[in-house]
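# Survey of secondary and tertiary structure
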Amino acid sequence: MSPEPFLGDVEHSPVRHHILSVLVENKAGVLARVAGLFARRGFNIYSLAVAPAESHERFSRITIVVDAETAPLEQVFGQLHKLVNVVEISDISPDDAVERELLLATIPTDVDNRTSLLDVIGAANASIVDVDAHHVTVVLAATPAGCDALERALEAHPGVELHRTGRVAVPRLGVPTHEPMRSR
Amino acid sequence: MEITGAQALIKSLEREGVEVVFGLPGGAILPVYDPIIDSPIRHILVRHEQGAGHMAEGYALATGRPGVAMVTSGPGATNIVTPIANAHMDSTPLVVVTGQVARAAIGTDAFQECDITGITMGITKHNFLVSSASEIPRAIAAAFHIATTGRPGPVLVDLPKDVAQSTMEWWYPEGVGELDLPGYRPLAGLDEVELARAAALLATSERPVLYVGGGVLKARAHEQLRAFAERTRIPVVTTLMARGAFPDSHELALGMPGMHGTYAAVTALQRADLLLAVGTRFDDRVTGRVSAFAPGAKVIHVDIDAAEINKIRRVEVALRADAAGALGALEEMGATTANLDVWWKEIRTWQESYPLTYDPPAEAGPLRPQQVIESIHAASPEGTVVAAGVGQHQMWASQFWRFEEPGTWINSGGAGTMGFGVPAAIGAKVGRPERTVWCIDGDGCFQMTAQELTTARAEGIPIKVAILNNAYLGMVRQWQEMFYEERYSEVYLNADLPDYVKWAEAMGCVGLRARTPDEMREAIEEANAINDVPVVVDFRTDTSEKVFPMVAAGASNDDIMVHPSQRRGA
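What counts and what doesn't
- Residues numbered from 1 in each chain as written.
- Chains lettered and ligands numbered in written order.
- Predicted model: local features only at pLDDT ≥ 70, side-chain atom pairs only at ≥ 80, totals over all residues.
- Heavy atoms only, no water.
- Contact = heavy atoms within 4.5 Å.
- Buried area = accessible area lost by both parts, 1.4 Å probe.
- Polar contact = N/O pair within 3.5 Å; in protein donor to acceptor, adjacent residues only side chain to side chain.
- Buried < 20%, exposed > 50% of the residue type's maximum accessible area, 1.4 Å probe, protein only.
- Helix = DSSP H or I, 4+ residues; strand = E, 2+ residues; numbered from the N terminus.
- Axes fitted to C-alpha atoms, helices over the stretch in contact; angles between N-to-C directions.
- Parallel < 35°, antiparallel > 145°, perpendicular 65-115°, else oblique.
- Left-handed = near helix turned anticlockwise from the far one by under 90°.
- Domains from an automatic or database assignment.
- Salt bridge = Lys/Arg side-chain N within 4 Å of Asp/Glu carboxyl O.
- Nonpolar A, V, L, I, M, F, W, Y, C, P; charged D, E, K, R; others polar.
- Pairing = 2+ DSSP bridges.
- Patch = residues over 30% accessible without salt bridge, like charges linked within 9 Å, V, L, I, M, F, W, Y side chains within 5 Å.
- Areas by Shrake-Rupley, 256 points an atom, 1.4 Å probe, with all protein chains shown as cover.
- Phe/Tyr/Trp six-rings, centres within 6.5 Å; stacked < 30°, edge-to-face > 60°.
- Lys NZ or Arg CZ within 6 Å of the ring centre and 35° of its normal.

Moving on to the interface of chain B and chain A. Taken together, the contacts link 24 residues of chain B with 23 residues of chain A. Together, the buried faces of chain B and chain A total about 2000 Å²; carbon and sulfur atoms form 46% of this surface. Summed over the shared surface of chain B and chain A, the number is 6 residue pairs in polar contact (both at pLDDT 80 or more).

So this is what it looks like as structure tokens:
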């Protein structure tokens, strides 16, 4: 297997995705409001990550990757902005973003697969973070494309258990973010 | 001053200038019902929580002030879900207070517990679950602020019983800054560039139409609309939600557009080269098939809700502002159009060829529903407020009543809630007691919420109800006749069951019945003469009568079906 796909910060999946970084008030039910809005308006969420934001007490940041084919971005923005708990939305184009995602996987090992598995882990720049006689657990923090590639490679191993966090993103330095519709 | 959460809630409502609350008590809201006794706020005890919600809506639509309803937890809260959804669709400012089980019991499936903030998340502008007594003032102040600013809508405040019972040091937020709403920025300023582009589009337009929606009423922009229309002479269509925003008697008025709109209004939109769409949302009942709607028109869209712009129809110019601000700015700029003489000549031909019409009634009856509406209009005082349910009678009321001023047409547009009429009329009468209030209702709708006439009688709210009794769920019957080969499925109601006169009398109202034009005139006269108790008139109308014009669902507005008597070869 060629190691190349793992290395670059280059590849994007073919479906047109958009990344919304949504600053919300850290209040009970806010995630349900956002998720419910996407569900009832028929906007597809590709991935979603939530965590406390810069000022931990008051705000959280939700990073949503939306399938731009299912919903005009302007509609997603407009409807999201109407949620009273949504404070700010940044639209980050994948081309202008630094994106990272975390992948954790536990793979059964034996004498037959150990060498090839170690090759894959090494090529992916993933790390082994846990091990017992019959398994290894690896971690990779990489671009979504990098995680995709490792996922494909690991799927060849029967019994693999794999978790991904969904991506978080920030704009590349020097690229202005645009927020098409602040007003409501 | 240390007071209970319940007292704080009532004091907060008083601070917001609330004069009336429509509600019904129960276990979880019990603490709040005690301080109501000592408050100047009038409480109207409804017979079903749905009635409380629709009354609050009727009050809001008639007065422009937010309507307030209060109910208990669980079934009390779920019973008011329909009015909340209705208010959300029609952008009606509403504050609904629901009781909730005590905080410690939340999540345990306690008696009369339900997750009403979860249930109403998608049908409120916002909702709050109050978690301490000291938060009550801010929650109520924020609820009124959110309900009444920007695009108005319903806000729900869920109050756990133990929060109402605990104490707090009284305070009240002074101004919007203390509401702690970092994500709520309702007002958008007018964009000068877009304004100039709007004026440029208007300047070259030869076939413009002012497509006016409910936002004009919400923004109280009827005077700006009239001034702008009169100077530019742009023809005006008023959607179902905007009836009364522009006088029907005005020479520039074309009436209602849409599925059952006038031929002139529908066709003017279809042939227009420019739509100035103000406070309206390109609803499917107006556009028909969207891809065939106003195919030659550019669009200037004025809306306070930015998410409405480009939602259904791509627009050339977007003015994210309230209707009064935008129309006022266009008027100030002196925006004008090309010469409209040819356009008006064309429109006058449509108006003359295809006016609203119906077959003349027989002297022996049955009555024509349109004739009943015209007769009530003719016999009632100027400024009479009309509420309607949903269905054929609603369309006829919108078509054949003549609306001259804002706040005189109370109806359920977006949600199409049957049973809206009677409670909404009661709420309207509470808000404008000096006005005559008629509810034009159908027999199907009446049976859904008629029990609120008991409320009306008990509370001294003398509304008048005209049941256009055709013994059918008439609009469904019309569709089955036209689109299901006259296979009538589950639409027959029986004109004599229930006996509407006896039912009215049992609720302490005057009950009348009219089968012929003579009886009709007498009954209307009698009803208008009674001003102390509610009146119900059972008008027996022609079962086969249908609403025309009509654009079939999903059809192009070009394929409008006019009244049979106006069709070629008729």
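Glancing now at helix α16 (residues 369–379) of chain B. All of the buried residues in α16 of chain B are Pro369, Gln370, Gln371, Val372, Ile373, Ser375 and Ile376 of chain B. Buried positions along α16 of chain B lie against α17 (392–400), β17 (437–442), β18 (464–469), α23 (517–529) and β20 (535–540) of chain B.

All names here are of chain B. Contact pair α16 / α23: the axes reach a minimum separation of 10 Å and the direction vectors enclose 40°. Between α16 and α23, the interaxial angle falls into the category oblique. In this structure, α16 meets α23 at a crossing whose hand is right-handed. Touching Gln371, Val372, Ser375, Ile376 and Ala379 of α16 are Pro517, Met520, Ile524 and Asn528, all from α23.

So, about the domain arrangement of chain B. Residues and elements named next belong to chain B. Splitting chain B by domain gives domain 1 (2–179), domain 2 (192–353) and domain 3 (369–540). Between the C-alpha centres of domain 2 and domain 3 there is a distance of 31 Å. For the pairing of domain 2 and domain 3, the buried interface totals around 1400 Å² over both sides, and the portion due to carbon and sulfur atoms is 57%. Here domain 2 and domain 3 share 0 salt bridges between them. Class assignment for the residues of the side of domain 2 that touches domain 3 results in 7 nonpolar, 4 polar and 4 charged.

Moving on, we come to helix α1 (residues 5–15) of chain B. All of the buried residues in α1 of chain B are Gly5, Ala6, Ala8, Leu9, Ile10, Ser12 and Leu13 of chain B. The first or second residue beyond α1 of chain B is Gly17 of chain B, which carries a positive phi of 80°.

Side chains that carry opposite charge are capable of pairing whenever their charged atoms lie near each other. Within the structure shown, the criterion is met by 36 salt bridges over all chains. Notably, a salt bridge pairs Glu25 of chain A with Arg58 of chain A, separated by 3.9 Å at the nearest N-O pair. Here Glu25 of chain A, found in strand β1 (residues 17–25), pairs with Arg58 of chain A, found in the loop between β2 (45–52) and β3 (59–67); they are 33 residues apart in sequence, far enough to count as distant. Take Glu25 of chain A: its relative accessible area is 3%, and that puts it in the buried class. The shortest N-O distance in the salt bridge between Arg540 of chain B and Asp496 of chain B comes to 3.0 Å. With Arg540 of chain B in strand β20 and Asp496 of chain B in the loop between α21 (474–483) and α22 (500–506), this pair connects stretches of sequence that are 44 residues apart. In this structure Arg540 of chain B comes out as buried when scored by relative accessible area, which is 9%.

Bringing the sheet that holds strand β5 (residues 94–100) of chain B into the picture now. Residue and element names in this part refer to chain B. The 6 strands are arranged β3-β2-β4-β5-β7-β6 in an open sheet whose pairing can be described as parallel. Of all the strands in the sheet, just β3 (42–45) and β6 (126–129) have a single pairing partner and so form its edges. Averaged over all pairs of adjacent strands, the angle between strand axes in this sheet comes to 20°, irrespective of strand direction. As paired elements, strand β2 (residues 20–24) and strand β4 (residues 67–71) share 3 bridges and run parallel to each other. Within β4, the residue paired with Phe22 across the bridge is Ala69.

All names here are of chain B. Assignment of secondary structure puts Ala362 in the loop between α15 (341–353) and α16. The exposure class of Ala362 is partly exposed, given its relative accessible area of 41%. Sequence separation between Ala362 and Thr516 is 154 residues, and the spatial gap between their C-alpha atoms is 8.1 Å.

Among the surface-exposed residues, Leu102, Leu104 and Val129 of chain A lie close enough to one another that they form a single nonpolar patch of about 230 Å² accessible area. Position of Leu104 of chain A among the secondary structure elements: in strand β5 (residues 97–108).

What follows covers the pairing of strand β12 (residues 274–278) of chain B. Working note: regular strand, side chains alternate between the two faces of the sheet. Residues and elements named next belong to chain B. Where burial is concerned, most of β12 is hidden: 5 out of the 5 residues are buried. Of the two faces of β12, both are covered, the one formed by Leu274, Leu276 and Val278 as well as the one formed by Leu275 and Ala277. Pairing analysis gives 5 bridges linking strand β9 (residues 208–212) to β12, with the strands arranged parallel. Bridge assignment links Tyr211 to a residue of β12, and that residue is Ala277. Note that β12 and strand β13 (residues 298–302) share 5 bridges and pair parallel. Note on β13: the bridge partner recorded for Val278 is Val302.

Residue and element names in this part refer to chain A. Taken domain by domain, chain A holds domain 1 (17–96) and domain 2 (98–169). If you average the C-alpha positions of domain 1 and of domain 2, the two centres end up 28 Å apart. The junction of domain 1 with domain 2 conceals about 630 Å² of combined surface from both sides, 54% of it contributed by carbon and sulfur atoms. Per-residue buried area on domain 1 facing domain 2 is highest for Ile19, Ala49 and Thr63; these three make up 42% of the total on that side. Applying the counting criterion to the domain 1 and domain 2 interface returns 0 residue pairs in polar contact (both at pLDDT 80 or more). Tallying contributions element by element places β2 first for the side of domain 1 that touches domain 2, with 4 residues. Counted by class, the side of domain 1 that touches domain 2 contains 7 nonpolar, 3 polar and 1 charged residues.

A few words on the packing of aromatic side chains. The description of an aromatic ring pair uses the distance of the two centres, along with the angle that the planes make with each other. Residues and elements named next belong to chain B. If you walk through the whole model with that rule in mind, you get 15 aromatic pairs over all chains. Between the aromatic rings of Tyr472 and Tyr492, the centroid separation amounts to 5.4 Å while the plane-to-plane angle is 65°, which identifies the pairing as edge-to-face. Of this pair, Tyr472 sits in the loop between β18 and α21 while Tyr492 sits in the loop between α21 and α22; the two residues are 20 residues apart in sequence, bridging distant segments of the chain. Judged by its relative accessible area of 18%, Tyr472 is buried. Among the aromatic residues, those joined into a cluster by ring pairs are Tyr211, Phe282 and Phe293. It is Arg477 that lies over the ring of Tyr472; its NZ or CZ is 5.1 Å from the centre.

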